[in-house]
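An overview of the molecular structure
One-letter residues, chain by chain:
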Amino acid sequence: MVNAQAGGQWYPPEWPERIRALAGGDLTPVVPKRAATVMLLKNTGDGPAVHMLRRRASMAFAGGAYAYPGGGVDPRDDDRHVRWAGPTRAWWADRLGVDGAGAQAIVCAAVRETYEEAGVLLAGPTPDSVVGDTTGDDWEADRAALVARETSFAEFLDRRGLVLRSDLLGAWTRWITPEFESRRYDTWFFVAGLPEGQRTRNASTEADRTVWTTPRAAAEAYDRGELLMMPPTIATLRQLTAYATAAEALDAAPARDLTPVLASARLVEGEIVLSWPGHDEFTKRIPTGGAPA
């Protein structure tokens, strides 16, 4: 079960109690797991549209919330040789603030999750190509094996003789799940354009629907309380409204600040104040014995 506060902000009912426990020194933060998510864009007459999925209500984390394709980093992808196009692993390591092996695993996670959950693969047989249709039975068998973690993404690329197109990705922002959450992720958000010849589909077992929507339309629906979202989702949608095309957003990505956004909870005059640096719209004031306001 989740609660929606102002607009359509995802807000778990257990947060106040956990925040109070953290503030009182009775809660030890869980170490966040590395993850990656991708804002897949395509051009429309109204500007770029972004591919979003609605997480099933039964999901333990953010059930019912709209999000982008994404998931955890697979440690098996950190050291196996991967055919690579675009900026080097060293460039990505500097950009993402991790070591080379970690950078490869994070980029692999971004490309893998886009394939697993949207059926779109940012890889091709050569450094300047992408695969075409990925809906055949053999592709589906490979996708299912990736979802089941029966094979790593690096192994999949190697067996298929594919080159990972890191040049089709742009690192956009980084958010870390608050310390009081029981499930924590250190997530890098990427932007990517839908490759020519490929189509999205709802390939995720975690989603009950997918949509293409302009960032502005999605943000307006959130503001009306019609779409439920986590703070980083609505924050990135608002950021994307500034761009007229998918290419403009991709061109802007290298200059974006990747300093992690981490919520803080502090006691102020008998209230717990929950805030995300640089994102005042998400600030919540929680009475020590009550619900958030």
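For the structure itself, look to the data block above.
A few points on the structure. What you see is a predicted model; the values in this text were computed from it and never measured.

In space, the 3 strands of this open sheet follow the order S7-S9-S8, with mixed pairing throughout. One side of each edge strand has no neighbouring strand; the edge strands of this open sheet are strand S7 (84–85) and strand S8 (123–124).

Before going further, it helps to spend a moment on the sheet that holds strand S14 (residues 264–268). Strand pairing within a sheet occurs via backbone hydrogen bonds; the two strands may be parallel or antiparallel. Strands sit in the order S14-S15-S16 across an open sheet of 3 strands; the sheet is antiparallel. Every interior strand has two partners, whereas the edge strands, S14 and strand S16 (279–287), have only one. Averaged over all neighbouring strand pairs, the angle between strand axes comes to 25 degrees, with direction disregarded. In the sheet, strand S15 (residues 271–276) pairs with S16 via 5 bridges, with the strands oriented antiparallel. Within the sheet, the bridge partner assigned to glutamate 271 lies in S16 and is proline 287. Along the sheet, helix H7 (residues 231–240) contacts S15 and S16; its crossing angle with S16, the most-contacted strand, is approximately 155 degrees.

What follows covers the pairing of S14. Within a regular beta strand, the side chains point alternately toward one face of the sheet and then the other, so they alternate between its two faces. Relative to S15, S14 is paired through 5 bridges, and the arrangement is antiparallel. Bridged to leucine 267 within S15 is isoleucine 272. Following S14, the chain reverses through 2 residues before pairing antiparallel with S15; glutamate 269 in that reversal takes a positive phi of roughly 50 degrees.

Within the structure shown, the criterion is met by 10 aromatic pairs. Summarising the aromatic geometry, the rings of tryptophan 172 and tyrosine 243 are spaced 5.7 Å apart at their centres and angled 80 degrees between planes, so their arrangement reads as edge-to-face. Here tryptophan 172 is found in strand S10 (residues 169–176), whereas its partner tyrosine 243 is found in the loop between H7 and helix H8 (246–252), with 71 residues between them in sequence. By relative accessible area, which is 22% here, tyrosine 243 ends up partly exposed. Aromatic rings pair up to connect Tyr115, Trp139, Phe153 and Phe156 into one cluster. In this structure, arginine 160 is placed above the aromatic ring of tryptophan 139, and the distance from its NZ or CZ to the ring centre is 3.7 Å.

The final tally for this structure, using the stated rule, is 17 salt bridges. When the shortest N-O distance is used, the salt bridge between aspartate 77 and arginine 112 registers 3.8 Å. Of this pair, aspartate 77 sits in the loop between strand S6 (70–72) and S7 while arginine 112 sits in helix H3 (residues 100–118); the two residues are 35 residues apart in sequence, bridging distant segments of the chain. Here the salt bridges do not stand alone but share partners, grouping Asp77, Arg112, Glu113, Glu116 and Arg149 into one network.

The rules behind the values
- Residues numbered from 1 in each chain as written.
- Predicted model: local features only at pLDDT ≥ 70, side-chain atom pairs only at ≥ 80, totals over all residues.
- Heavy atoms only, no water.
- Pairing = 2+ DSSP bridges.
- Helix = DSSP H or I, 4+ residues; strand = E, 2+ residues; numbered from the N terminus.
- Axes fitted to C-alpha atoms, helices over the stretch in contact; angles between N-to-C directions.
- Contact = heavy atoms within 4.5 Å.
- Phe/Tyr/Trp six-rings, centres within 6.5 Å; stacked < 30°, edge-to-face > 60°.
- Buried < 20%, exposed > 50% of the residue type's maximum accessible area, 1.4 Å probe, protein only.
- Lys NZ or Arg CZ within 6 Å of the ring centre and 35° of its normal.
- Salt bridge = Lys/Arg side-chain N within 4 Å of Asp/Glu carboxyl O.

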